[in-house]
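# Geometric and topological summary
The lines below spell out each chain.
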Amino acid sequence: LLAENDNFIGIFIDIDDDELIKRLKDRGHNDDFINKRMDLATTQRSKIHEFDYVVDNKDINTTISNILNIIYNLEESW
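Quick caveat: nothing in here was measured; it's all calculated off a predicted structure.

### What about the layout of surface pockets?
Approximately 180 Å³ is the volume attributed to the largest pocket. As for the largest pocket, its lining consists of Phe12, Ile13, Asp14, Ile15, Leu20, Arg23, Arg27, Arg37, Ala41, Gln44, Arg45 and Asn57. Secondary structure elements with two or more residues in the lining of the largest pocket: strand E1 (11-14), helix H1 (17-26) and helix H2 (31-45). Top contributing element to the lining of the largest pocket by residue count: H2, with four residues. Per-class residue counts for the lining of the largest pocket are five nonpolar, two polar and five charged.

### With respect to the packing of H1 against H2
Where H1 meets H2, the axes come as close as 11 Å, and the angle between the chain directions of the two elements is 145 degrees. Crossing hand, H1 versus H2: right-handed. For the pair H1 and H2, the contacting residues are Asp17, Leu20, Ile21, Leu24 and Lys25 in the first and Phe33, Ile34, Arg37, Met38, Ala41 and Arg45 in the second. Of the residues assigned to the contact of H1 with H2, the class counts are seven nonpolar, no polar and four charged.

Rules used throughout
Residues numbered from 1 in each chain as written. Predicted model: local features only at pLDDT ≥ 70, side-chain atom pairs only at ≥ 80, totals over all residues. Heavy atoms only, no water. 1 Å grid on protein atoms, 1.4 Å probe; cavity = no way out; pocket = protein on both sides within 12 Å on 5 of 7 lines; lining within 4 Å. Points joined across faces, edges and corners; volume = space filled by probe spheres on them. Helix = DSSP H or I, 4+ residues; strand = E, 2+ residues; numbered from the N terminus. Nonpolar A, V, L, I, M, F, W, Y, C, P; charged D, E, K, R; others polar. Axes fitted to C-alpha atoms, helices over the stretch in contact; angles between N-to-C directions. Left-handed = near helix turned anticlockwise from the far one by under 90°. Contact = heavy atoms within 4.5 Å.

Okay, here's the thing in structure tokens:
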């Protein structure tokens with residue numbers, strides 16, 4: 001599906017499983033919700049190869065900086 005359109009750049013924002021679980025627990029989610037969310041993460045990661053870039057979501061500032069760097073580099077190359 002993603003390969004059908006060449007007019008966009010795909011950025012997959014990923015997160016370490018342990019960090020995702022920690023964040024979900026910190027938000028007060030129960031084990032059932034967390035298990036469903038982890039299943040969703042696995043499903044989403046199965047499509048990671050369809051994206052042009054992968055950004056590791058360690059913290060918001062670094063994630064935003066990495067995404068902006070991708071955008072700036074793309075603008076320079078056009």
